Amino acid sequence: MTDAAVVGTGPNGLAAAVTLARAGLQVALFEKADTIGGGLRTAPLFDSDVVHDICSAVHPMAAASTFFRAFDLGARGVRLLQPGMPYAHPLPDGRAAAAWRDIARTAEGLGADGPRWTRLMAPLAERSGAVVDLVLSSQRSLPRDLTAAVLLASRALAHGTARTPFATEEARALLTGVAAHAVGKLPSPTSAVVALLLGHAAHSSGWPLAEGGSARIADALAADIIAHGGTIHTGHHVRDLAELGDVPLVMLDISPKEFLAAAGQRMPSRYARALRRYRYGPGAAKADFLVSEPIPWANPLVRQAGTVHLGGTHSDIVRQETATAAGRAVPDPFVLVVDPAVTDPSRAASGRRPVWAYAHVPHGDERDPTDLIRRRIEEYAPGFSDTIVASRGLPAAQYEEYNPNYVGGDIAAGAMTLRQSLARPVARWDPYRTPLPGVYLCSASTPPGPSVHGMCGYLAARSALRTRYGLRTPPDLSPKPKERV
Ligand SMILES: Cc1cc2nc3c(=O)[nH]c(=O)nc-3n(C[C@H](O)[C@H](O)[C@H](O)COP(=O)(O)OP(=O)(O)OC[C@H]3O[C@@H](n4cnc5c(N)ncnc54)[C@H](O)[C@@H]3O)c2cc1C
């Protein structure tokens, strides 16, 4: 007998299923695609020896979140490989700024702004666990570590406004590039929190890549579910909740839009109206390249970076992101680039290697981004185009077909405005519980929002265990001795 059905096998659906299965429930998962993983898929695209991360590539939050700390990927054989330089930011005039894991080394490279960078990041890095737990929470309880809350709030206030305390372009652009991960108007309180969360993580738990590809993380989660009696059904698009039968508990790793469609007339009209008001944000347009050599970044410093931000100066990025969020295409969008073999040499095979990149574009943008992204990389890495063996582009407008959670190409599964980072997807005390008995939302459209941290799934499962079964203590998620490698 199935105790719980989980719809969707992204990191949040898998995290919910792990948590419920560990609490002793019989769990069945249903996934639209032919493979599990949602944003955690890795596959060969052009050459059978070279795999590409289809969505997520870099995992600062899988290295840091409460869920993954308890799940312990390392003990299960998933190696999170750390670049010594988590990210770099080349500037149009040839200079570049670099964030090293070592704050002192980062500060040294930032010259006059070095001490300011240290004062901003070091106190957060020293309390990293508390900072991560605070941001990656349901945002419905008082912070357990008040010092971490004060440190974060005071810094977010200073950096969420148009003024930047930095004097050099290097430091300004370095931080604004991280803020752009919030994919929205800049500056804003939400992007400031994202900048501080990811920015300090670079100096503490790091910005690792999973050896062999992001799918290794999904595989480890699925193995745990199966080891605890769960079943996984791929190629099953749940279009109507009635398909799930009389199962007492339903966890939905799906978008509010998909939930509205699948619940149909059963959805109370007030809640349905609130879900219809949920706003989706700008899109991402991805390009994958198969190349013959490492990206020839003009500034050699950048060649060591795990992730590279291409946005130009601080004011360029503010302009690009604000226009994109307002639905206007810009000729020079913000682009994130990863040459995974820099951090994980196993990704390169027989003189070929993958390059992962995406641009921020307006919601629903239909343009094939391949050439735009190629030209953007070429600006900072002359000769890049000559190394391309094969490429493919995925316009923002086509993401939803690939994964219904990315409405209009919004990979954050909902605009990251201040309102929607709290009222996600609607303003309710328990954001996971829906008015349909036994039905819980657990996707990145619930707090704490996007990224591979598993926390939406974990917190939704804990809400379900508490409200349906009276279980207040979280189940043990650590690997059993036979699961350790
Ligand atoms: C191009 C790109 C780059 C990214 N880069 C990073 C990164 O480097 N680091 C990072 O941390 N995050 C990154 N992200 C974001 C991250 O992947 C997501 O935030 C995360 O995967 C969200 O997890 P989720 O479980 O909520 O949903 P998803 O991972 O989107 O999974 C949802 C799953 O549910 C399935 N589904 C939906 N509706 C139904 C239905 N009705 N029936 C059956 N199945 C259904 C979908 O097919 C999908 O498999 C990136 C995303 C993209 C697209």
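Our subject is the structure that appears above.
Described below are features of the structure shown in this document. (Residues numbered from 1 in each chain as written. Predicted model: local features only at pLDDT ≥ 70, side-chain atom pairs only at ≥ 80, totals over all residues. Heavy atoms only, no water.)

Topic: the site of the ligand
Around the ligand, 37 residues are found, and the nearest of them are Glu31, Gly39, Val58, Glu258 and Ser451. Between the ligand and the protein, one listed contact pairs an oxygen atom with a backbone N or O atom of Pro11 at 3.2 Å. In isolation the ligand offers 1,000 Å² of accessible surface; the protein chains occlude 96% of this area. At the level of secondary structure, the elements contributing two or more residues to the shell around the ligand comprise α1 (11-22) and β14 (353-361). Top contributing element to the shell around the ligand by residue count: α1, with three residues. Its residues placed into classes, the shell around the ligand shows 17 nonpolar, 14 polar and six charged. (Near = heavy atom within 4 Å. Polar contact = N/O pair within 3.5 Å; in protein donor to acceptor, adjacent residues only side chain to side chain. Areas by Shrake-Rupley, 256 points an atom, 1.4 Å probe, with all protein chains shown as cover. Helix = DSSP H or I, 4+ residues; strand = E, 2+ residues; numbered from the N terminus. Nonpolar A, V, L, I, M, F, W, Y, C, P; charged D, E, K, R; others polar.)

Some points on the side chain of Ser128
Looking at the secondary structure, you find Ser128 in helix α5 (residues 128-135). Ser128 has contacts with His200 and Ser204, leaving out every residue within four places of it along the chain. (Contact = heavy atoms within 4.5 Å.)

Things to note about the sheet that holds strand β10 (residues 249-252)
If you trace the five strands from one edge of the open sheet to the other, you get β9-β2-β1-β10-β16, paired in parallel fashion. Of all the strands in the sheet, the pair left with one neighbour each is β9 (231-233) and β16 (439-441). In this sheet, adjacent strand axes meet at a mean angle of 20° when their direction is disregarded. Across four bridges, strand β1 (residues 4-7) lies against β10 in parallel orientation. If you follow Val7 over to β10, its bridge partner there is Leu252. (Pairing = 2+ DSSP bridges. Axes fitted to C-alpha atoms, helices over the stretch in contact; angles between N-to-C directions.)

Here's the deal with the nonpolar core
By size, the foremost hydrophobic cluster in this structure holds 90 residues, and its most contacted members are Leu20, Phe67, Phe68, Ile217 and Met251. If one sorts the elements of this core by residue count, helix α8 (residues 189-202) sits on top with eight residues. With residues near it in sequence (within four places) discarded, Met251 still touches Ala5, Val6, Val7, Ala16, Leu20, Tyr440, Cys442, Ala460, Ala461 and Ala464. Met85, Ala96, Ala98 and Ala287 belong to the second largest nonpolar core, which has 27 residues in total. (Core = buried A, V, L, I, M, F, W, Y, C linked by side-chain atoms within 4.5 Å. Buried < 20%, exposed > 50% of the residue type's maximum accessible area, 1.4 Å probe, protein only.)

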